[in-house]
Amino acid sequence: MITQVCKYALFLPIIIVSFLFHNCESKKETVEASEPVKEDNSSTDDSSDNNKVTEAERILSFLADDALQGRDSGSKGLEKAADFIQKELTSYGVVPFKTSYLDTFVAQGENTYNVLGYLPGNDSKFADEMVIIGAHYDHIGTAKAVAGDIIANGANDNASGTTAVLLLAKKLAEQKSNKRSVLFALFSAEEKGLIGSKHLAKELKEAGKDVYVMLNFEMIGVPLNDKDYTAYITGFELSNFAEKINEYSKQPDLIGFLPKAKEFNLFRRSDNYPIYESLNIPSQTISTFDFTNYDYYHHVDDEASQMNYPFINTLVEKITPAVTMLTQTETKEIKFKQ
């Protein structure tokens, strides 16, 4: 979340606390990164919810594994993550947005790429309109060593958001009810200055694409502390996005306002912002990092083992009806406030 320089300034107190008080856990064994890990359906609990939690854990654990070396842009680990994401999208029936899922660009002298999947709209009246569901899948690679560990796995930041996008891609592809087209955008080089989303925003503007809204996911791996809503949205006061998500999902306490998000201007510090700035559309980020509930920002202990998978699953389940409605409404109901 946020560009690397800005984010260190914002979260330095949290980072210092985490270094002083956390004892590093031993690392899990790495997994082979060339193929998506198959879901284990051998559990005696055959409930639907249990299987969905397993799916979230399968995806996130792969992306945050040591084998991916912290997913720095331009690295072999990021290549493995991109390959995994492509195979996931293919298995859902989500097609490439271009001739390939990979959209290559240069970030600070390194070739890297966004991964872009596309679900064409099924209504000719609305198919040219596009909803973007996004998250960044890169991280910083390494961080200050703790007990000999230097891999900054980026489980919460932002394998969690990437997992939400993939789960939503699978759900929407299964539903086959989207009138509008959906672009699933997994961004690289967010940690280097939102470069991946700037690249996509420029491409979409130059191509004259009719983009309705963009909904971004960032750091959703653990619940909020002592809030009467499940998640917050950045730029809360700028549009009716939160109100409509709550209405569409029939969950009046799903999305709320976090004062700290406005205080630290988080609206400008994730991949929603270049889309908003370039295309002048409602483009906002959903998050559950509230500055008190997670100590391991840009830290080697931002591990898959720290994630709350039932919570991730619940959040995705709750928001799915709202995302579905974004693709179906007869008019563009998400609007800026005057």
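Rules used throughout
- Residues numbered from 1 in each chain as written.
- Predicted model: local features only at pLDDT ≥ 70, side-chain atom pairs only at ≥ 80, totals over all residues.
- Heavy atoms only, no water.
- Helix = DSSP H or I, 4+ residues; strand = E, 2+ residues; numbered from the N terminus.
- Buried < 20%, exposed > 50% of the residue type's maximum accessible area, 1.4 Å probe, protein only.
- Contact = heavy atoms within 4.5 Å.
- pLDDT = per-residue confidence, 0-100.
- Phe/Tyr/Trp six-rings, centres within 6.5 Å; stacked < 30°, edge-to-face > 60°.
- Salt bridge = Lys/Arg side-chain N within 4 Å of Asp/Glu carboxyl O.
- Expected span 1.5 Å × (residues − 1).
- Core = buried A, V, L, I, M, F, W, Y, C linked by side-chain atoms within 4.5 Å.
- Pairing = 2+ DSSP bridges.

**Brief notes about the overall build of the protein chain**
Helices and strands together make up the secondary structure of the protein chain, namely nine helices and eleven strands. Counting only residues that meet the buried cut, the protein chain has 57% of its 338 residues in that class. Residue pairs at least 24 apart in sequence account for 81% of intrachain contacts in the protein chain once pairs closer than 6 positions are excluded.

**Here we look at the environment of isoleucine 281**
Of note, isoleucine 281 is situated in the loop between helix H8 (272–279) and strand S11 (283–287). Between the C-alpha atom of isoleucine 281 and that of methionine 214, which follows or precedes it by 67 residues, the distance is 7.8 Å.

**Considering the confidence of the model for the protein chain**
In the predicted model, the protein chain carries a mean pLDDT of 89, and the fraction of residues at 70 or more is 84%. Strand S7 (residues 181–187) holds the highest mean pLDDT among the elements of the protein chain, 99, whereas helix H1 (residues 4–21) holds the lowest, 38.

**Things to note about the packing of aromatic side chains**
Taken as a whole and judged by the stated rule, the model has ten aromatic pairs. Note on phenylalanine 97 and tyrosine 118: the rings are 5.3 Å apart at their centroids and 55° apart in plane angle, and the pair reads as tilted. Highlighted residues: phenylalanine 97 in the loop between strand S1 (95–96) and strand S2 (102–107) and tyrosine 118 in strand S3 (residues 110–119), separated in sequence by 21 residues. What makes tyrosine 118 buried here is its relative accessible area of 19%. Members of the aromatic cluster, connected to one another through ring pairs, are Phe267, Tyr273, Tyr276 and Phe336.

**Observations concerning the pattern of salt bridges**
One side chain can pair with another of opposite charge once the charged atoms of both are near each other. In the structure shown here, the tally under the stated rule is 18 salt bridges. With a shortest N-O distance of 2.8 Å, aspartate 210 and lysine 332 are connected by a salt bridge. Of this pair, aspartate 210 sits in strand S8 (residues 210–217) while lysine 332 is found in the segment after helix H9 (309–326), placing the two residues 122 residues apart along the sequence. It is possible to trace a salt-bridge network through shared partners that takes in Glu55, Arg58, Glu88 and Lys170.

**Some details on the environment of threonine 142**
Position of threonine 142 relative to the elements: it lies in strand S5 (residues 141–146). Sequence spacing of threonine 142 and glycine 154 is twelve residues, and the spatial spacing of their C-alpha atoms is 9.7 Å. Leaving out residues up to four positions away in the same chain, threonine 142 has contacts with Ile150 and Ala152.

**Some details on helix H3 (residues 76–92)**
For H3, with 17 residues, the first-to-last C-alpha span of 25 Å sits near the 24 Å given by 1.5 Å per residue. Of all the positions in H3, only Gly77, Leu78, Ala81, Ala82, Phe84, Ile85, Gln86, Glu88, Leu89 and Tyr92 are classed as buried. Of the residues flanking the end of H3, it is glycine 93, one or two places downstream, whose phi is positive at about 90°.

**Thoughts on H8**
Every buried residue belonging to H8 is among Asn272, Tyr273, Pro274, Ile275 and Leu279, and all of these are buried. Against the buried residues of H8 lie strand S4 (129–136), helix H5 (195–207), S8 and S11. Remark: asparagine 280 follows H8 within two positions and exhibits a positive phi of approximately 55°.

**A word on the environment of glycine 74**
When you line up the elements, glycine 74 lands in the loop between helix H2 (48–63) and H3. Note on glycine 74: relative accessible area 31%, which makes it partly exposed. With residues near it in sequence (within four places) discarded, glycine 74 still touches Glu110, Asn111 and Thr112.

**Things to note about the nonpolar core**
Soluble globular proteins tend to pack their nonpolar side chains together in the buried interior. Formed by 76 residues in total, the largest nonpolar core has its most connected members in Ile133, Leu215, Ile245 and Ile319. A total of ten residues in this core trace back to one element, the largest contributor, which is helix H4 (residues 155–175). The contacts of isoleucine 319, once residues within four sequence positions are left out, are Leu168, Leu215, Phe217, Ile245, Leu254 and Ile286. The next biggest cluster of nonpolar side chains, apart from the first, holds 16 residues, and it includes Phe97, Ile132, Ala185 and Met214.

**Quick look at unusual backbone geometry**
Residues aspartate 157 and asparagine 158 are joined by a peptide bond in cis, for which omega reads 5°. Along the polypeptide, asparagine 158 turns up in helix H4. For leucine 194, which is not glycine, the phi torsion reads 60° and is therefore positive. Inspection of the secondary structure assignment puts leucine 194 in the loop between S7 and H5. Since its relative accessible area comes to 5%, leucine 194 is described here as buried. One non-glycine residue, asparagine 280, adopts positive backbone phi at about 55°. Looking at the element boundaries, asparagine 280 is found in the loop between H8 and S11.

**Focus on the pairing of S8**
Most of S8 is tucked away: seven of the eight residues are buried. Sheet analysis places S4 next to S8, joined by six bridges and oriented parallel. Paired with valine 131 across the strands is valine 213, a residue of S8. The pairing of S8 with S11 spans four bridges and is parallel. Across the sheet, residue leucine 215 finds its bridge partner in S11, namely glutamine 284.

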